[in-house]
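Chain and residue survey
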Amino acid sequence: MADAKGATGHSSSMKGGSSPKLDTYVQLLEKMSLSSTAKTLNSDDLQQARHAASRIFQHIAALERSSKEHLCRNSSFIKALLTSLEANKDFTVSKLIVDAFAELIGRTNTGTRCANLVEEDTTKAFFQLLVRESKNDIPDEFVLQVHHVLSKLALKDRKFGVKGRRNLALPVTLSFLRSHTHSAAAKSLQPVLNVLKSYANNATNASELGEKGAVAHLFKVVSNVNKKNMLMTKVALETLVLILKSKSNSRKAVECGGVPMVLQMYREWHKIDTKNRQVALRKALLHILKHVTNTKVGRQAVIDGDGVALLYTTCEDIMDVRELDSFVFISSIILRKCFPRQKLPANATKAALLFKLPESDFHVPQSLSKDAALLNGITVNMEGREYEDSSLDNDDDRSSNDEAESDKPGSGLSGGDRTDDAVHKRSLEDLRMYQQFFPEVLDIEVGEEFLPDMEHKNEIESDEQTSRRGVCDSNFGCQHYPEGSGRTSWPDATSRPDITSWPVSDTAPATSLKGKPQNGTVLNGGCRARELLDAGASAVNMKTGQPVFSLDIPVGTPSSRSKGKNSFPERKIKLKRREKSTKKVESLPDLHTLQIEVVNESEVDAQFSADEWVSPEDFYAVARKTNSVGKFNKIAYPDLHGSKLLHRREKLYDRKFGIQRAKIFEDLDRMVNSDSLLNKTVYDFEESFKLSEELTSEKWSSANRDVERLGKPAEPYDHLHFNSHFECGNLRKAIQVKAMQYDLILCPDVNTNHHHQWFYFEVSNMVADKPYQFNIINNEKVNSQFNSGMQPVMYSVQSAVNGEPSWSRVGTDVCYFRNNLSRSLQVTGGAKGKLYYTTTFTVTFRHSYDVCYIAYHYPYTYSTLQCQLLQWQRNVDGSPIYFKNQVLCQSLGGNDVNVLTITDYPSSKSKEAIEQFRNKPYIFLTGRVHPGESNASWIMKGTIEHLLSNSEEAIALRQTYIFKIVPMLNPDGVINGNHRCSLVAEDLNRRWLVSCPKLHPTIYHTKGMLLFMKQMQRTPLVYCDYHGHSRKKNVFLYGCSASQSWMTDDVDNPSVLADKTEDMSYKMLPKILAHNAQAFSMSSCSFSVEKAKEATGRVVVWRQIGVLRSYTMESTFCGCDQGQYSGSQINLTDLQVMGSKFVDALLKLKSRNYKASYLDEPELKMSAEDTTLVFQDDNSADYDDGYLEDNLSDGISEDEDDDELQENVIE
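Residues numbered from 1 in each chain as written. Predicted model: local features only at pLDDT ≥ 70, side-chain atom pairs only at ≥ 80, totals over all residues. Heavy atoms only, no water.

With respect to the nonpolar core
The line we're drawing: The criterion is simple. A nonpolar core is a set of buried Ala, Val, Leu, Ile, Met, Phe, Trp, Tyr and Cys residues joined through side-chain atoms within 4.5 Å. Burial status follows relative accessibility: with a 1.4 Å probe on protein chains alone, a residue under 20% of its type maximum counts as buried, one over 50% as exposed, and anything between as partly exposed. Any two residues whose heavy atoms approach within 4.5 Å are treated as being in contact.
Membership of the largest hydrophobic core comes to 129 residues, with the highest contact counts inside it found for F722, F774 and F963. Excluding its chain neighbours within four sequence positions, the residues that come into contact with F774 are L720, F722, Y742, L744, V763, T839, T840, F841, V843, F845 and I854. Within the second largest apolar cluster, 113 residues are counted, among which are I105, L174, A200 and M265.

Structure representation (structure tokens):
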């Protein structure tokens, strides 16, 4: 009776869409159903219940659609019906209620009604009904009606598959399918197949269905219905697609003979469906083949069934049909799997160049190739070694290899690191060596006449004064030349430790690279190289130890060379000097003018005056002293003669539709018709290297004879000629595969067998107005901006002679896709099935028999930097600009690593003025730690030239800050054409946490300078490392936020204040840049601190040095998709302007230590709380550009294929 009362009260509360008569019937039905749970109903009660259910069904059937929707929203009404359905035991009543729900849902436009029913848990009630009634002998019509309702609910129930499995409904549905696969009964299986498809959307359900025989039953259904019921056939095939994602289920499909059936159906539908009305059905057939070929038996079944020929011919038929673009792509995936994996023509497991490393007690490199490890006597475990984190696309993107990190949080130590304190901790005594790199403190004293005359100031310091100063001693000794007597160390201006008693060493600098050639093949370090250079060699082959006289200039006498490494020959350089200026800024210029970036093309040359390049002879003099691992047989023409800025915007390349799939299919065509390929090697780096050493004739010692070669065909005449034996060059092999098509293979980084991205090579012997296709076939990254509008760059010598010496974007039909070339286990660290990627582009040359240089991005060589340093020294304004160029250390290859100091002289020689001068905040900038990121050097060039200019912003910057700049952290990698690593085969931006003075001198000593500044309580206000980004557009910053750290309670950093809140002012600089620089994108910035990035410069300087504003600035190789430059590829002007805009933005930063009047503007006063409000809406999410490679096993997983489909089908 209590239940009846409850039912009455429940029913009486119903409202909204139900009439009083309907309420009465529902109330009666609920009462009878609840009574049946306690006792068996007599015949009268049973008849009454059936009558009520029948009247409810009739009433709902008579309703219009709007009334049904209103009734579905009546929660009490639905709950009452579900209660009756669950409680009653009479089949007739249950059938009537099911029919009532079917009428309530309807046949069309069911979404809203089904969503309301799902909210009331109708799905679960029907699953329970299906399982309960399946134990009885029930008619098929009832089962089909239940599945019809379930198929409608599945469209709105996200947990449909889970509910079905938990309520044990899967076996019931599958059992019904099994008993109705014969042709007569199969016609009515549509709702059952719909439900089965919804089950299979859940991976666990798909595996379970496969184990219970669903694969064979579905193939039988498809065989019986096929063209009789295309809708049912399509649903059955789509269900198979979901179930066959499991490799075990794919094998079952092969075992039951499904592959020949699918191939035959695809062949028939290809012929029948001429109007493309059954695209979904045909695509399902292709997806089945794609999943089946994930297994070895599946691939063999496709081959045996003549599937390769079928897919190839059908692709040819539909190549021009845009609607069937995905067919071509899926077919290409299947064909690639069926073809055996191929190997690179070159031996990719061996490094192209090897370098003998100095022995170190502190660090054993773990990333060497097998050959490099043998050369250096190092045992490296190649088996099972995970792919190095250094192979990430970008060093400050999220790593996918957190498991490879040490168990110690943030350790960043590799297996070859020693953890003793002698390496990781440096005392004040150890850091004393770095005081020489603060000449602004040592050179200027109270009462001293510090403003030299112009003539004296523009003289280049001799070797004994500046250029050879450096620290590189393995015993951590201070190496520098005497600074003179009476110099004071850092003054005690703000209670800093007094170091005035520190003596200045009179010891001459000694190189850290001591050693002799071993077995006559490898040079260890720079001493021998320096001796050979002093003997007149123009370069030194660091692999063989032999001198290289490769420049067509007279060898200087010792007396002429004694002027110093960084000085030109005695002949005066003819340079256009800027007008001298002694003006000073009393107040900051209007900062609002910095918020609008409009580049006046007529002013670009004036702003970047160094584009008036040095003479070739002067460049020779500098380049001769550049030490490389391999021998160079020339100096590239763009280096010798420079490049003018291109004063026009180059739009992002708009690839025509169908090009991507055509290139992919062309790659497949080469596998199918491999006999038609020429496969003629026309350039081999190793062979050319050996030949250049054997030949001693004059033609091999010329510096550059490109102009003499113009317009002259060269033997052999039937192919292009290539060369990469010059600074920054990278091309290992060129293979002519067709008359106008060449496969190019890149060199790995020195001492490694991977890192293939950067390319830079010379091509000649071409014929004008003919398309030449270049395929770089050993790229490693899963995607590239070459798929998003980026083009390579080219420099034409003929155009330069004609008055257009510029790099420009070239190439049509630019694509990037995965090929069928297998990467060896040694290269992949033991992972099986990894493939290379192809970059393809077509170039039509303007001039016949030209000499052209093609590169991944605008090259910027080490020799170019050295020449520009000399230009800046000569051109700098003497009085107001304080500019010092010193040698911080030498690299492993014996190349100088420069550190620059830029600021202004004190306003007077009074004590107050000098103390204010010494107390100016420091800005510390570094760049080019990754050699392949040449855009970083161009931005750095823009920064330095802007700081040395006479603009009002530059003067204000010099008066406000002291800039310390290390423009090139990895000169050896740059020189030798590396993409990512140094000669030690390691990513130097993963060595900031633990660096070895012998193997990582540039990082060790740069960090030493920062540690010294920290000890002197002169921590930089801003640290920024300039980088390039290969898979994103625009320019953006990565910073550090404690709240976005991988540590749950990260307090070991400068962001956390005393009250445990976070100082948000690190977001101020990117916000300013977003207003000042058109190429900058705030939405791309990220401030997360990840475990895998604890050893990077950005995080180490933030955490250990205590620099709140520690950044990595990423610049695109491609272009911009926002702002004024949207739709354009980035050019040299944009990069250099970005360098100037970055430092201009520093004018708006509020310094805590230096309160100049022009920094006290109200708009610049922003507390931490204000900053939080300003940036609370910023997108601080981490933008992952990690090196996410496809991890292939026996076959190719579904996820990979889907990723590749998204990556490559962009059209």
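Once the structure has been displayed, the description carries forward.
Considering the pairing of strand β7 (residues 741–745)
Note the cut-off: A run of H or I in DSSP counts as a helix once it spans at least four residues, and a run of E counts as a strand once it spans at least two, with each numbered from the N terminus. Whether two strands pair depends on DSSP finding at least two bridges between them.
Counting buried positions along β7 gives five out of five residues, so the element sits mostly inside the fold. Where burial is concerned, the two faces of β7 agree: the one with Q741, D743 and I745 and the one with Y742 and L744 are both buried. Of the strand pairs in this sheet, strand β6 (residues 733–738) and β7 are connected by five bridges, and their pairing is antiparallel. Following the sheet pairing, Q736 is matched in β7 by Y742. Hairpin connection, β6 to β7: the antiparallel pair is bridged by two residues. Bridge analysis of β7 against strand β9 (residues 771–779) gives four bridges, and the strand direction is parallel.

Quick look at the packing of aromatic side chains
Any pair of aromatic rings gets described here by the distance separating the centres and the angle formed by the planes. Heads up, the condition is: For Phe, Tyr and Trp, rings pair up if their centres lie within 6.5 Å, where Trp contributes its six-membered ring, and each pair is then called stacked (planes under 30 degrees apart), edge-to-face (over 60) or tilted (otherwise). Note on criteria: charge over ring means Lys NZ or Arg CZ within 6 Å of the ring centre, with the direction from the centre no more than 35 degrees off the ring normal.
This model, assessed by the stated rule, comprises 37 aromatic pairs. Between F438 and Y922 the ring centres are 6.0 Å apart and the planes differ by 80 degrees, which places this aromatic pair in the edge-to-face class. Of this pair, F438 sits in the loop between α25 (428–431) and α26 (439–442) while Y922 sits in strand β17 (residues 922–927), and the two are 484 residues apart along the sequence. Taken together through their ring pairs, the aromatic side chains of F722, Y742, F759, F761, F774, F786, F841, Y856 and F1117 make up a single cluster. When the ring centre of Y1004 is taken as origin, the NZ or CZ atom of R426, which lies over that ring, is 3.7 Å away. Seen from the ring of F1036, K1032 lies directly overhead, with NZ or CZ sitting 4.5 Å from the centre.

Some words on the environment of G1106
With respect to the secondary-structure elements, G1106 resides in the loop between α46 (1097–1105) and β21 (1109–1116). Accessibility expressed as a relative area gives 33% for G1106, which makes it partly exposed. Taking the C-alpha atoms as reference points, G1106 and P1020, separated by 86 residues in sequence, lie 8.7 Å from one another. Setting aside chain neighbours within four positions, we find G1106 in contact with T1019, P1054 and V1101.

Re the sheet that holds strand β19 (residues 1022–1029)
The condition is simple: Every axis corresponds to a line fitted to the C-alpha atoms, with the helix fit spanning only the stretch in contact, and the corresponding angles, defined between N-to-C directions, vary from 0 to 180 degrees.
Taken together, the seven strands give an open sheet; going across it, the order is β15-β16-β18-β17-β19-β21-β20, and neighbouring strands pair in mixed fashion. Unpaired on one side and paired on the other, β15 (881–890) and β20 (1035–1038) mark the two borders of the sheet. Within this sheet the neighbouring strands show an average axis-to-axis angle of 20 degrees, counted without direction. Two elements, β17 and strand β18 (residues 962–966), share five bridges in a ladder whose sense is parallel.

Here we look at helix α6 (residues 91–105)
Formally: What a helix is expected to span follows from its residue count: subtract one and scale by 1.5 Å. Identification of polar contacts relies on pairs of N or O atoms within 3.5 Å, with a donor-acceptor requirement for protein atoms, meaning one able to donate a hydrogen and the other able to accept it, and with residues adjacent in sequence counted only if both atoms are side-chain atoms.
The end-to-end C-alpha distance of α6 is 21 Å, a good match for the 21 Å that 15 residues give at a rise of 1.5 Å each. Within α6, eleven of the 15 residues are buried, which leaves the element mostly enclosed by the surrounding structure. Regarding α6, the residues found buried are V93, S94, L96, I97, V98, D99, A100, F101, A102, L104 and I105. Between a side-chain oxygen at the N-terminus of α6 and the backbone nitrogen of T92 the separation is 3.3 Å; the capping residue is D90. Of the residues trailing α6, G106 is marked for its positive phi of about 85 degrees.

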